[in-house]
Amino acid sequence: MKVLVAGGSGYLGQYLVEALSREHQVGFTYNTGGKVVESMGGSKYKVDFCTGEGLEDMVSDFGEPQVVVNCAAISQPMVCEEERERSRSVNVPTTLVNDCLLSRCEGRPFLIHLSTDHVYDGSRSFYTEADEPGPVNAYGETKKEAEDFIVSRYPNHAIFRSSIIYGRGKEVGRNLFLQWMDEALGAGEKVDFFGNEFRSPVYVMDIVKLVRIIIARIENGVTAPARVANIYNLGGPERLSRADMAKALCTHRGYGIDSVLEADRPGHVKSPLDASMDVHLLRQTFGLHPTSFKDALSEIF
Ligand SMILES: NC(=O)c1ccc[n+]([C@@H]2O[C@H](COP(=O)([O-])OP(=O)(O)OC[C@H]3O[C@@H](n4cnc5c(N)ncnc54)[C@H](OP(=O)(O)O)[C@@H]3O)[C@@H](O)[C@H]2O)c1
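Source: prediction; values computed, not measured.

## Section: the packing of aromatic side chains
Here the structure, examined in full by the defined rule, presents 10 aromatic pairs. Considering the side-chain rings of Y120 and Y127, the 4.4 Å spacing of their centres and the 15° angle between planes classify their relative orientation as stacked. Here Y120 matches Y127 in class, with each residue buried. Ring centres 5.4 Å apart and planes at 25° place the aromatic pair F160 and Y232 in the stacked group. Here F160 is found in strand β6 (residues 157–162), whereas its partner Y232 is found in strand β11 (residues 231–234), with 72 residues between them in sequence. Residue F160 is classed as buried on the basis of its relative accessible area of 1%. Residue Y232 is classed as buried on the basis of its relative accessible area, which comes to 0%. Taking NZ or CZ as reference, K2 lies 5.2 Å from the ring centre of F62, over its face. Positioned above the aromatic ring of F177 is the side chain of R242, whose terminal nitrogen or guanidinium carbon lies 4.9 Å from the ring centre.

This is how it looks when you write it as structure tokens:
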């Protein structure tokens, strides 16, 4: 299969390019890129989804993919608050869908799009896909707009509302939560972790598994069941606070648990407080059984 990973230079993208390149013809896009891109396999294309620069060259060279996994995004909520328009132009995939999939790909490749748990307002626990989204920050707003855009413009899709993605470290231009936590706690520092902000963190290898399941189904002529909007929660099996995650890490690594101090997420920070998700639909539809945080830590460290 010909698979395009948009945003292949990002955290999830690097994992996907690495895994999928073993089985498929993979192309990926990067924007600022950096050293890591040089060492990555697959066909690489510098594309700016804000301006569309590089898109034409990519389509001419790589040709028409059968599957596109869209990981390209401005994924840091703070950056989205500060640079709303730029974030919107990347997070809502108008360039990818209009100028590539709809106008240049007659076979209508299957689009796997990464959304976020930040589309939920965070006022309750274990959101299901049927719950009404209500983003409380710019990141969530742009990602919700992206979902609406895809649903209205491009029927051949599956959208995944991902929780925090964690796994082994990769070179990306920002701190990765698990690695930062490990470094600080391993050094014996006492660190404040939010005890009142809940997520369903998802192990990156589960997402790789999920994408492989979908691609295998497409190879066999079966895609996701036809629903008006193919939207799925993508999370781990648990509802955990940052303090819970830090304590689990301490237990696994043998660090002193008294280094974990619990604090409340300050009220002025725009972030859903409890964006934990129900992942029954994911299990049921794709047969994916997400790894527990404890089991994932045993694989990672
Ligand atoms: N990581 C998480 O915990 C998490 C949680 C929930 C949802 N998600 C979603 O999952 C997806 C993947 O996340 P991630 O953590 O892998 O993101 P990431 O590490 O921030 O990577 C983002 C990717 O987007 C590319 N990009 C940024 N601006 C671009 C532009 N103007 N034109 C073209 N490409 C551009 C980046 O390219 P360069 O780096 O080369 O500039 C990079 O490849 C995103 O949609 C994110 O919103 C992530």
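## Looking at the site of the ligand
Close to the ligand lie 29 residues, the nearest being S9, T32, S75, Y139 and R174. Within the backbone of Y11, an N or O atom sits 2.9 Å from an oxygen atom of the ligand. Put simply, the parts of the chain that give the shell around the ligand at least two residues each are α1 (11–20), β5 (110–116) and α7 (138–153). Residues that form the shell around the ligand fall into these classes: 15 nonpolar, 11 polar and 3 charged.

## Examining the sheet that holds β5
One open sheet holds the 7 strands; their spatial order is β3-β2-β1-β4-β5-β6-β11, and the pairing between them is parallel. Looking along the sheet, the strands with just one partner apiece sit at the ends: β3 (43–46) and β11. Across this sheet, the average inter-strand angle for adjacent strands is 20°, counted without regard to direction. Sheet topology places strand β1 (residues 2–6) next to strand β4 (residues 67–70); 4 bridges connect them, and they run parallel. Bridge pairing in β4 places A6 opposite N70. Contacting β1, β2 (25–30), β4 and β5, α1 crosses the sheet at an angle of about 165° to β1. Its contacts with the sheet put α7 on β5, β6 and β11, and the angle it makes with β5 is roughly 155°.

## Let's talk about the packing of helix α8 (residues 177–186) against helix α10 (residues 242–253)
Between α8 and α10, the least distance of the axes is 10 Å, while the angle of their chain directions is 60°. Viewed along their axes, α8 and α10 adopt a mutual orientation that is oblique. Where α8 crosses over α10, the two elements pack in a sense that is right-handed. Each of F177, L178, M181, D182 and L185 in α8 lies in contact with α10, whose residues at this interface are R242, M245, A246, L249, C250 and R253. Taken together, the residues of the contact of α8 with α10 sort by class into 8 nonpolar, no polar and 3 charged.

## So, the side chain of D131
Residue placement: D131 occurs in the loop between β5 and α7. Among the polar contacts listed, one links the side chain of D131 to the side chain of R124, at a separation of 3.0 Å. There is a polar contact of 2.7 Å between the side chain of D131 and the backbone nitrogen of T128. The contacts of D131, once residues within four sequence positions are left out, are Y120, R124 and F126.

## Looking at the state of the cysteines
What makes a disulfide is a covalent bond joining the sulfur atoms belonging to two cysteines. Under the defined criterion, the tally for this structure stands at 0 disulfides. Looking at the unpaired C71, the closest cysteine sulfur is the one in C100, lying at 15 Å. The exposure class assigned to C71 is buried, which follows from its relative accessible area of 18%.

## Focus on the environment of D121
With respect to the helices, strands and loops of the structure, D121 is situated in the loop between β5 and α7. The spacing of D121 and K35 is 86 residues in sequence and 37 Å in space, taken between C-alpha atoms. Of note is the side chain of D121, whose polar atom sits 2.9 Å from the side chain of S123. Reaching out from D121, the side chain makes a polar contact with the side chain of Y127 at a distance of 2.5 Å.

Rules used throughout
Residues numbered from 1 in each chain as written. Predicted model: local features only at pLDDT ≥ 70, side-chain atom pairs only at ≥ 80, totals over all residues. Heavy atoms only, no water. Phe/Tyr/Trp six-rings, centres within 6.5 Å; stacked < 30°, edge-to-face > 60°. Buried < 20%, exposed > 50% of the residue type's maximum accessible area, 1.4 Å probe, protein only. Helix = DSSP H or I, 4+ residues; strand = E, 2+ residues; numbered from the N terminus. Lys NZ or Arg CZ within 6 Å of the ring centre and 35° of its normal. Near = heavy atom within 4 Å. Polar contact = N/O pair within 3.5 Å; in protein donor to acceptor, adjacent residues only side chain to side chain. Nonpolar A, V, L, I, M, F, W, Y, C, P; charged D, E, K, R; others polar. Pairing = 2+ DSSP bridges. Axes fitted to C-alpha atoms, helices over the stretch in contact; angles between N-to-C directions. Contact = heavy atoms within 4.5 Å. Parallel < 35°, antiparallel > 145°, perpendicular 65-115°, else oblique. Left-handed = near helix turned anticlockwise from the far one by under 90°. Disulfide = S-S within 2.5 Å.

Geometric values such as these leave the question of function open.
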